[in-house]
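Coordinates in review
Next come the chains, spelled out residue by residue.
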Amino acid sequence: MTILEDIISRVEELNPIHAKKIRKNISGQNQEFLNKAENFLKDYMQFLTKHGKDLDYAIDCYLKLIDDMLYETIRFMTSKEYSNSSFQDVNTRIYDNPEVMEYHMQGLLLSQFLWIQHYKILEFFLENAPKHQDKTGNYLEVGAGHGIFLNSAIDLFSKVDSFTALDISKSSIEIAKNFVDSSKVRFVHSDILKFEEQDTFDFITMGEVLEHVENPIGLLEKLKSLLNDNGITFITTPTNAPAIDHIYLFRNAEEIREVIRKSGFQIISEIQVPSEDMTAEEAHEKGISVMYGAFLKK
Amino acid sequence: MDKAEILKKLNDIFINTLDNADIVLKMETTAADIEEWDSLRHIMLVVEIEKTMKTKFTSKEITKFKNVGDIVNSIEAKK
Ligand SMILES: C[S@@+](CC[C@H](N)C(=O)[O-])C[C@H]1O[C@@H](n2cnc3c(N)ncnc32)[C@H](O)[C@@H]1O
């Protein structure tokens, strides 16, 4: 039995409704996807074993994340708003709370190959980031979380000898330190809005952070100030994605583009990946989440 | 409202939300018994049940819904 099949059958026992969704997600995927998933999960299992954890622990974390999302989604369907409005509140309850942050991040790690939007957005990054590797001498990742993007960037950007990975949560940094080859990485524990640096960066990645702040334009302006004039930024952010730590609600892709334009960035290329089996337009109409990703320049 | 009445109301909501007139709910019915009962429709079901029954479930209740009986019992306990 593959690790992926093992995971799904354990989820089936604990949360059959969610298992249906994972099965549907995976049924449309080709052999290449399955091979990549299996390689990722093999590494992930090693990472778990190294830290005295096992697959049952990981699945428990993942299903807690799913339970949180289910509750937030049900509230969102009625209120049409995210339940959080204060960054300070989310910081205290979530980022600064190892008990919650640990299962939340472990759950997101496992979601990489169970949710098609996470898989496709990483593929988009892997396909397009190499176009910029020649010009990239230093690299910053904001809100690096578990470190999945960072791991790929270390492979892709061969000219960079020091990667900077910043996160507001100590728990995220601890997980990333163990998940990536950390010899080349400088970890910074800080709120991005308070991060000061003499140098500017050639490439900045910021996956799923824009929806975690009260003022996304202010956050992108901060990234602009950290980016050199010819530099490239890669960002991702979801629409209509209620979660315990999401604050700023983008209702459709156009609202994201507007924030990008207002902060003075230009879009080089973009992608939209719906979280259910439907087109992005249909998803926007129904209030169902779409993952948005884009490469930006000044 | 007793359990049987709640079950009957839920049956109507399931028929409408899942668009399947053949559904006959029992206390033991799970998502494995009804093909259309997937995660997206599950959310729509809970939202619809809250609206119709004029009730609001806690996160603890919602995450414990493993079969129709769990939903019936939750509603009954609130009345
Ligand atoms: C949803 S995770 C994203 C993980 C990963 N980047 C990805 O795309 O999958 C968001 C991460 O951003 C961090 N974060 C949220 N607000 C932040 C802020 N103001 N400054 C720095 N990091 C922040 C959180 O601690 C968390 O690790």
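Predicted model, so just to flag it, every value in this text is computed and none were measured.

**Things to note about the site of the ligand**
Residues and elements named next belong to chain A. Near the ligand there are 23 residues, and of these Gly 143, Asp 167, Ser 172, Asp 191 and Ile 192 occur at the shortest range. Interatomic distance of 3.4 Å between a side-chain N/O atom of His 146 and an oxygen atom of the ligand. One nitrogen or oxygen atom from the main chain of Ile 192 is found 3.0 Å from a nitrogen atom belonging to the ligand. Within the complex, 97% of the 600 Å² of free accessible area of the ligand lies under protein. Put simply, the parts of the chain that give the shell around the ligand at least two residues each are α5 (87-95), α6 (98-111) and β2 (163-167). With 3 residues, α6 is the largest single contributor of residues to the shell around the ligand. Each of domain 1 (3-111) and domain 2 (116-297) accounts for three or more of the residues forming the shell around the ligand.

**Quick word on the pairing of strand β1 (residues 139-142) of chain A**
Residue and element names in this part refer to chain A. Neither face of β1 is open: one carries Tyr 139 and Glu 141, the other Leu 140 and Val 142, and all of them are buried. Note: β1 against β2, 4 bridges, orientation parallel. Bridged to Tyr 139 within β2 is Phe 163. Crossover β1 to β2 through helix α8 (residues 148-156) is right-handed. As defined by bridge partners, β1 adjoins strand β4 (residues 201-207) across 3 bridges and the pair is classed as parallel. In the strand pairing of β4, Leu 140 is matched with Ile 204.

**Structural notes on the sheet that holds strand β3 (residues 185-189) of chain A**
Residue and element names in this part refer to chain A. Spatial strand order, β3-β2-β1-β4-β5-β7-β6: 7 strands in an open sheet with mixed pairing. What marks the edges here is a single partner per strand, and that holds for β3 and β6 (266-274). On average, each strand axis in the sheet is inclined to that of its neighbour by 15 degrees, with strand direction left out of account.

**What about the confidence of the model for chain B?**
A residue-level look at chain B finds 100% of positions with pLDDT of 70 or above and a mean pLDDT of 95. Scoring the predicted complex yields pTM 0.96 and, for the interface, ipTM 0.93.

**Quick look at the interface of chain A and chain B**
Taken together, the contact pairs 14 residues of chain A with 19 residues of chain B. Carbon and sulfur atoms supply 73% of the area that chain A and chain B bury against each other, a total of about 1500 Å² over both sides. Area buried by chain A at its contact with chain B is led by Ile 17, Lys 20 and Ile 74 of chain A, which between them contribute 38% of it. Counting every contact that joins chain A to chain B gives 1 salt bridge. The interface formed by chain A and chain B contains 6 residue pairs in polar contact (both at pLDDT 80 or more). Elements with a minimum of two residues in the side of chain A that touches chain B: α2 (16-27) and α4 (55-79) of chain A. The element contributing the most residues to the side of chain A that touches chain B is α4 of chain A, with 7 residues.

**With respect to the packing of helix α7 (residues 116-128) of chain A against α8 of chain A**
Residue and element names in this part refer to chain A. Interaxial distance between α7 and α8 falls to 11 Å at its minimum, and their mutual angle equals 20 degrees. Here α7 lies roughly parallel to α8, going by the angle between them. α7 and α8 meet at a crossing whose hand is right-handed. The segment α7 lies against α8, with Ile 121, Leu 122, Phe 125 and Leu 126 engaging Ile 148, Phe 149, Ser 152, Ala 153 and Leu 156.

**Thoughts on helix α4 (residues 68-78) of chain B**
Residues and elements named next belong to chain B. Residues Val 68, Gly 69, Ile 71, Val 72, Ser 74 and Ile 75 constitute the buried set of α4. Summarising the contacts, the buried residues of α4 are in contact with α1 (3-18), α2 (39-52) and α3 (59-63). Sitting at the amino-terminal end of α4 is Asn 67, which places a side-chain oxygen 3.1 Å from the backbone nitrogen of Gly 69.

**Some details on the packing of helix α1 (residues 3-14) of chain A against α4 of chain A**
Residues and elements named next belong to chain A. For the pair α1 and α4, the least separation of the axes is 11 Å and the interaxial angle reads 55 degrees. In terms of orientation, α1 lies oblique with respect to α4. Where α1 crosses over α4, the handedness of that crossing is right-handed. In this structure, α1 contributes Ile 3, Asp 6, Ile 7, Arg 10, Val 11 and Leu 14 to the contact, and α4 contributes Leu 55, Asp 56, Ile 59 and Leu 63. For the contact of α1 with α4, the class distribution of residues is 7 nonpolar, no polar and 3 charged.

About the criteria used
Residues numbered from 1 in each chain as written. Chains lettered and ligands numbered in written order. Predicted model: local features only at pLDDT ≥ 70, side-chain atom pairs only at ≥ 80, totals over all residues. Heavy atoms only, no water. Near = heavy atom within 4 Å. Polar contact = N/O pair within 3.5 Å; in protein donor to acceptor, adjacent residues only side chain to side chain. Areas by Shrake-Rupley, 256 points an atom, 1.4 Å probe, with all protein chains shown as cover. Helix = DSSP H or I, 4+ residues; strand = E, 2+ residues; numbered from the N terminus. Domains from an automatic or database assignment. Buried < 20%, exposed > 50% of the residue type's maximum accessible area, 1.4 Å probe, protein only. Pairing = 2+ DSSP bridges. Right-handed = clockwise from strand over helix to strand, strands pointing away. Axes fitted to C-alpha atoms, helices over the stretch in contact; angles between N-to-C directions. pLDDT = per-residue confidence, 0-100. Contact = heavy atoms within 4.5 Å. Buried area = accessible area lost by both parts, 1.4 Å probe. Salt bridge = Lys/Arg side-chain N within 4 Å of Asp/Glu carboxyl O. Parallel < 35°, antiparallel > 145°, perpendicular 65-115°, else oblique. Left-handed = near helix turned anticlockwise from the far one by under 90°. Nonpolar A, V, L, I, M, F, W, Y, C, P; charged D, E, K, R; others polar.

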